[in-house]
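Residue strings, one per chain:
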Amino acid sequence: MDVRRALVNCSRGEASRANLAPWVAAGDLPAGDVVGWRDPKAPERGYLVVTAEGRDPVGVALRAPSGGGVRGAAMCDLCRTTRGPGDVTLFAAARAGAAGRRGDTVGVYACSDLDCARATLARPSASLRPDPGRTPEERLAALAERAGAFVATVLATAP
Ligand SMILES: [Zn+2]
């Protein structure tokens with residue numbers, strides 16, 4: 001399926017205008033169930049798509065602040081990697097439904113390139129903060145759980 005259809009927190013028109021990263025468009029998705037990318041034509045936009053076992057993908061559109069990434073070292077909420085200045089960004093996701101149309105957002109600190117899943121598999125354990133004893137598969141499972149929890153927050157009805 002077109003992953004744009006998975007986006008839950010924007011209008012159909014906005015979703016149809018989302019630009020896929022070349023590797024996403026090519027269907028070259030990484031192992032694991034979390035896919036993120038920055039919009040190649042709209043640098044302030046990003047997308048995070050989570051596929052739970054046996055379910056259709058669910059994705060959220062994210063917006064990055066115009067000022068860029070966090071100025072100091074910061075930890076990604078998704079892959080829990082601590083990275084240097086600019087490499088982590090505080091993204092905002094509009095809440096799904098009426099709350100989002102009113103302007104409610106949920107924030108998440110994430111790797112600026114949103115490439116956590118591929119990075120989690122590829123990066124040597126020494127550069128990953130607190131779980132040096134865990135395998136890439138275990139880290140990827142934990143990443144999928146945290147990303148799923150974030151998407152669930154975006155979908156939750158605002159109080
Ligand atoms: Zn990350």
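Relevant structure appears above.
Note that the coordinates shown come from a computational prediction; the quantities given were computed from them, not determined experimentally.

Caption draft 1: Structural context of the side chain of Asp 115. Relative to the elements of secondary structure, Asp 115 occurs in the loop between β7 (105–111) and α4 (116–122). The residues touching Asp 115, leaving out its near neighbours within four places in the chain, are Trp 23 and Gly 36.

Caption draft 2: Broad picture of helix α5 (residues 136–155). With 20 residues, α5 extends 28 Å between its outermost C-alpha atoms, agreeing within 8% with the 28 Å of an ideal straight helix rising 1.5 Å per residue. Three or more residues of α5 are buried, namely Arg 139, Leu 140, Ala 142, Leu 143, Ala 144, Arg 146, Ala 147, Phe 150, Val 151 and Val 154.

Caption draft 3: Here's a closer look at the pattern of salt bridges. Here the structure, examined in full by the defined rule, presents three salt bridges. One salt bridge connects Arg 45 with Glu 44, and the closest N-O pair in it is separated by 3.9 Å. Judged by its relative accessible area of 30%, Glu 44 is partly exposed. Notably, a salt bridge pairs Arg 83 with Asp 113, separated by 3.8 Å at the nearest N-O pair. Remark: Asp 113 occurs in the loop between β7 and α4 and Arg 83 occurs in strand β5 (residues 82–83); sequence separation between them is 30 residues. Counted as one network, the salt bridges with shared partners bring together Glu 44, Arg 45 and Arg 63.

Rules behind the numbers
Residues numbered from 1 in each chain as written. Predicted model: local features only at pLDDT ≥ 70, side-chain atom pairs only at ≥ 80, totals over all residues. Heavy atoms only, no water. Helix = DSSP H or I, 4+ residues; strand = E, 2+ residues; numbered from the N terminus. Contact = heavy atoms within 4.5 Å. Expected span 1.5 Å × (residues − 1). Buried < 20%, exposed > 50% of the residue type's maximum accessible area, 1.4 Å probe, protein only. Salt bridge = Lys/Arg side-chain N within 4 Å of Asp/Glu carboxyl O.

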